[in-house]
Amino acid sequence: MAKKPEDQERPGRIKQLRMIAQIIKQANPKGMPIVYASALGTLALCVVIGLVTGLIWYLLFIGVMLSLTVGLVVFGQLAQRAQYSMLHGQPGAAAAILQGMRGTWEVTPAVAVNRDQDIVHRVIGFPGVILVSEGPASRVQKMLVAEKKRVQRVALDVPVYDVQSGDGEGQIPIAKLQRHLMKLPRNLKKPAVYEVNNRLKALPQTLPMPKGPLPRGARMPRPKMR
């Protein structure tokens, strides 16, 4: 059976891990040593316990499995931090983070843009409609209010939230953006999420997109453990 073209272009699992390791190394030179130290430390602890209890072979096997698990967890956390570091300060960074969310989340980047390249993204999920802005608070507040009025004309009784992403006072850093949205109350069921998204797709953008592409491809592959 012939492989699909996209499968041929997709790097293998080992190559993906190496690519992510290089990104982690660039963002934090101490990152990979921390991964190795956490894995080896877990294995050493299990070996010591095995020597004390007389169950060395059993705990050696458990230690190998635990060390791999701990190493992958630390590796994934550092990879995520490296991703945030790469995206920080780039136009469309919040959109790239939002598009990486798992679960029932419909993300429409840049539903509103102004001449200063401040952006408002629209997210639809179980909480309802969430408008996420990028830009200084003094400028994006008017954009959020205007977009919220537009959405409410179509969304009717669906809750509409507005969130300012950024490093300013009262704004949510992109590293905490996903967690902030996940904490919002669940007001919709899955079919309603798709229904609201289909209704809002008919809304036109308020202004043309700013020059330069949004970093939609900034998500890095996540290592999977079988």
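Residues numbered from 1 in each chain as written. Predicted model: local features only at pLDDT ≥ 70, side-chain atom pairs only at ≥ 80, totals over all residues. Heavy atoms only, no water.

Right, let's get into the pairing of strand β1 (residues 106-113). Within β1, six of the eight residues are buried, leaving the element largely enclosed by the surrounding structure. Summarising the sheet, β1 and strand β2 (residues 119-125) pair through five bridges and their orientation is antiparallel. In the strand pairing of β2, Thr-108 is matched with Arg-122. Here β1 folds back onto β2, and the loop between the two strands holds five residues, one of which, Gln-117, carries a positive phi near 65 degrees. (Buried < 20%, exposed > 50% of the residue type's maximum accessible area, 1.4 Å probe, protein only. Helix = DSSP H or I, 4+ residues; strand = E, 2+ residues; numbered from the N terminus. Pairing = 2+ DSSP bridges.)

In space, the four strands of this open sheet follow the order β1-β2-β3-β4, with mixed pairing throughout. In the strand order of this sheet, the two ends are held by β1 and β4 (160-165), each with one partner. Recorded for the sheet is a direction-independent mean angle of 25 degrees between the axes of neighbouring strands. Along the sheet, helix α6 (residues 137-155) makes contact with β1, β2, β3 (128-134) and β4, crossing β4 at roughly 160 degrees. Most of the contacts of helix α8 (residues 190-200) go to β2, to which it runs at about 145 degrees, and overall it touches β1, β2 and β3. (Axes fitted to C-alpha atoms, helices over the stretch in contact; angles between N-to-C directions. Contact = heavy atoms within 4.5 Å.)

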